[in-house]
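# Summary of structural features
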Amino acid sequence: MLGNVAAADPLQSTLGLVVSCSLRYLTTKEQFHEFLEAKGQEKPSQDSEAVDPAGNDLAEPEAKRIRLEDGQTEDGQAEEAAEPGEQLQAQKRARGQNKCRPHVKPTHYDKNKLCPSLVQESAAKCFYGDRCRFLHDVGHYLETKPADLGPSCVLFETFGRCPYGVTCRFAGAHLGPEGQNLVREGLVQAPPVRNGLDKALQQQLRKRKIHFKHAEQALRQLSRGPLPGPTPEATVPEGREAEGAPGQDNCDSQLAPQEPDTVGPPSGPLRTFGPLTDEDVVRLRPREKRRLDISGKLYLAPLTTCGNLPFRRICKRFGADVTCGEMAVCTNLLQGQTSEWALLKRHPCEDIFGVQLEGAFPDTMTKCAELLNRTIEVDFVDINVGCPIDLVFKKGGGCALMNRLAKFQQIVRGMNQVLDVPLTVKLRTGVQERVNLAHRLLPDLRDWGAALVTLHGRSREQRYTKLADWQYIEQCVAAASPMPLFGNGDILSYEDANRALQTGVAGVMIARGALLKPWLFTEIKEQRHWDISSSERLDILRDFTHYGLEHWGSDTQGVEKTRRFLLEWLSFLCRYVPLGLLERLPQRINERPPYYLGRNYLETLMASQKAADWIRISEMLLGPVPPNFVFLPKHKANAYK
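Residues numbered from 1 in each chain as written. Predicted model: local features only at pLDDT ≥ 70, side-chain atom pairs only at ≥ 80, totals over all residues. Heavy atoms only, no water.

## A short note on the environment of C368
When you line up the elements, C368 lands in helix α14 (residues 362-375). Distance from C368 to N332, taken between C-alpha atoms, is 9.6 Å for residues 36 residues apart in sequence. The residues contacting C368, other than those within four sequence positions of it, are C330, L333, L334 and L357. (Helix = DSSP H or I, 4+ residues; strand = E, 2+ residues; numbered from the N terminus. Contact = heavy atoms within 4.5 Å.)

Structure (structure tokens):
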């Protein structure tokens, strides 16, 4: 950013080319960290070591240096050839992604844990009886409990009662003289979050006692032939199956077994017999579904890990119109996993809200769609056809569905048949970098019943090594018409959003731009740049921690979970450069800043790329970290969708 250097090649910019910023704020890596260690008492001298006469940065962040070729050292000399056995052993150690990530299980949560019957102040005896392994001595628990983190409890102030009682890390605000949990009679109310998992439903899912009547009917029809779409003339073009992945089979036998008296699948649609029932008449047809009219609205992308409910509340405050939950795996939902169902929760401020499902097979996706249609309140359901990570791709989900056209068609048609809300799809340009597939899939998706498609202007192979291809998105708008198409990629200012809307898309989806600056929605709606101060940014983080304590809890486990997600977000926020420091507006999302000193200590601290400094910011909001605390951002090893 410094020295008015513009990026000509997007690949070079992601590898460390700087953006335009005033030279008087430039510094070196050593001076930057010395300033933070000194806690801003005095500013070190800023000399000309940071920039050479050509304006190029000489102090690139260590994480953005170009990787050396195999067999070279830092000074460019070739290393001595190692023994074959040593090379093989080194390759085995280096295989996979993020193998050195520390997995520290928080076992301290289980030590001296108070019995839930005492936390909930149950009048009955202990839930577990003689087998209970939790503490029942409140006095002993209070002796070993860590000190409170603050004088006020967010849950007590907001809802009039803290459900965590003596285990709350802010318990001093609502404990009586004898340790009883105080209640504010006039404020008592339940948290207004919707789409929770009912215990009875969870037991039924775990015991596989849920009957998916509509899904099984749709799957039987799909096994005999495609379901009728919204337009009678819509058929699958001949020869399209050959474009799928090599060796792909129809796999109809996995969807529904053949009836004993059936010789073979009929050539036309499934014919039924018997009396006409109310279900045949009342069941919604695809063209009778509720319409999803979000054209021109700002759509917050479903972001894995960071797109949690507290973060979505922050974005709603700043003007996001449409929100979507994090990617949920359909098989985990069908098994009743609590952690997966937590991704579907919805706050009342989310007036237009959807959930995103990931799966690879029509049976699980269709059954999951019917389950959600019965149990949760959403405005639309989105299919993830854009996830690039290997864990999803190798199982046939995410981007892999773009090469599995038969399965893709069955998933879209089956889910559309059992849902009463619109079905949307999010996909990429393709799997390989120079082989675009989206323009061929969009007409099919329109005929299969998709109400809206969001296109991310990158392929799976490309990831973030180049800019999003908005020229290709413009071509896809015509291919998708009249179905609305949203565009996604590289929007970090209102100018970027304006250029995106000129391509003819129905709206824009914002992903990484919201992580770097959640006030981007306000900038787009008000068509201005916002030079937000460091104290205002800290207030945003404080509100996030309050929302996190409401969502995850105010006990030790909830506080540390809030801290973890705060640190994940801070690993993105550090890339934002304040407007007052820039020499050229606006900041580009693919550009990386060199080391610079902010206008005050807090602004400099927020620009640090070290996890230790992110932890220091979290301690300003949530108190000291527990012993042996280790944090490594997920996105350092696994790319987001």
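## A few points about the pairing of strand β7 (residues 485-488)
Of the two faces of β7, the one holding L485 and G487 and the one holding F486 and N488 are both buried throughout. When strand β6 (residues 452-456) meets β7, the two strands line up parallel, connected through four bridges. Note that in β7 the partner of T454 across the bridge is F486. Taken together, β6, helix α18 (residues 470-480) and β7 constitute a β-α-β crossover, and its handedness is right-handed. Two strands pair when backbone bridges link them, and β7 and strand β8 (residues 507-510) are joined in this way by three bridges, in the parallel orientation. The residue bridging N488 from the neighbouring strand is M509, located in β8. (Buried < 20%, exposed > 50% of the residue type's maximum accessible area, 1.4 Å probe, protein only. Pairing = 2+ DSSP bridges. Right-handed = clockwise from strand over helix to strand, strands pointing away.)

## Focus on the packing of aromatic side chains
Tallied over the full model, the rule gives ten aromatic pairs. Here F318 and W530 contribute two aromatic rings whose centre-to-centre distance is 6.0 Å and whose plane-to-plane angle is 65°, an arrangement assigned as edge-to-face. Here F318, found in the loop between α11 (309-317) and β2 (323-329), pairs with W530, found in the loop between α21 (520-526) and α22 (534-552); they are 212 residues apart in sequence, far enough to count as distant. W530 carries the same exposure label as F318, and that label is buried. Note on F408 and W448: the rings are 5.8 Å apart at their centroids and 80° apart in plane angle, and the pair reads as edge-to-face. (Phe/Tyr/Trp six-rings, centres within 6.5 Å; stacked < 30°, edge-to-face > 60°.)

## Comments concerning the side chain of H456
Position of H456 relative to the elements: it lies in strand β6. Not counting the four nearest positions on each side in its chain, H456 is found in contact with K426, L427, R428, T429, Y464, N488 and G489.

## Side note on the confidence of the model for the chain
Of the residues in the chain, 73% reach a pLDDT of 70 or more, and the chain-wide mean stands at 79. Within the model, the stretch residues 43-82 combines pLDDT values under 50 with 58 contacts to residues more than four positions away or in other chains. Here residues 636-641 is a poorly scored stretch, pLDDT under 50, and it has 25 contacts once near neighbours within four places are set aside; other chains count. (pLDDT = per-residue confidence, 0-100.)

## Some points on α18
Among all positions of α18, only W470, Y472, I473, C476, V477 and A480 are buried. Taken around the axis of α18, the buried residues stretch over an arc of 160°, which confines them to a single face. For α18, exposure combined with an orientation more than 90 degrees from the buried face picks out Q471, Q475 and A478. The inward-facing, buried residues of α18 contact α17 (438-448), β6, β7, α19 (494-501) and β8. (Arc of directions from axis to C-beta.)

## A few points about the pattern of salt bridges
The final tally for this structure, using the stated rule, is 26 salt bridges. In this structure, E433 and K466 form a salt bridge, with 3.5 Å as the shortest nitrogen-oxygen distance. Of this pair, E433 sits in the loop between β5 (423-428) and α17 while K466 is found in the loop between β6 and α18, placing the two residues 33 residues apart along the sequence. For E433, a relative accessible area of 27% translates into the label partly exposed. Since its relative accessible area comes to 33%, K466 is described here as partly exposed. Measuring nitrogen to oxygen at the nearest pair gives 2.4 Å for the salt bridge that ties R499 to D496. Taken together, the positions of R499 and D496, both in helix α19 and three residues apart, correspond to about one turn of that helix. Residue classification places R499 among the partly exposed positions, given a relative accessible area of 42%. Overall, D496 belongs to the buried group, its relative accessible area being 9%. The network of salt bridges with common partners includes E37, D613 and R616. (Salt bridge = Lys/Arg side-chain N within 4 Å of Asp/Glu carboxyl O.)

## Observations concerning unusual backbone geometry
The omega angle of the peptide bond from S481 to P482 is 5°, so this bond is cis rather than trans. Its location among the elements puts P482 in the loop between α18 and β7. Omega for the peptide link from L585 to P586 comes to -5°, which places this bond in the cis form. Even without being a glycine, N195 presents a positive backbone phi close to 70°. Mapped onto the secondary structure, N195 falls in the loop between α6 (154-159) and α7 (199-206). Look at D490: it is not a glycine, yet its phi comes out positive at around 65°. Within the fold, D490 resides in the loop between β7 and α19. The exposure class of D490 is buried, given its relative accessible area of 16%.

## Quick look at the sheet that holds β5
Backbone hydrogen bonds are what pair the strands of a sheet, in a parallel or an antiparallel way. Read from one edge of the open sheet, eight strands run β1-β8-β7-β6-β5-β4-β3-β2, paired in parallel fashion. The open sheet has two edge strands with one neighbour each: β1 (298-300) and β2. When strand polarity is set aside, the average angle formed by the axes of neighbouring strands in this sheet is 25°. As defined by bridge partners, β1 adjoins β8 across three bridges and the pair is classed as parallel. Within β8, the residue paired with L300 across the bridge is I510. Against the sheet, α11 engages β1, β2 and β3 (353-358), with an angle of about 160° to β2. Helix-sheet contacts for α14 involve β3 and β4 (380-385), and the interaxial angle to β3 is about 155°. (Axes fitted to C-alpha atoms, helices over the stretch in contact; angles between N-to-C directions.)

## Notes on α11
Summarising burial for α11: eight of the nine residues are buried, a large majority. By the burial criterion, the buried members of α11 are L309, P310, F311, R312, R313, I314, C315 and K316. Of the residues that open α11, the one with a side-chain oxygen 3.1 Å from the backbone nitrogen of F311 is N308. Count one or two residues on from α11 and you reach G319, which has phi positive near 115°. (Polar contact = N/O pair within 3.5 Å; in protein donor to acceptor, adjacent residues only side chain to side chain.)

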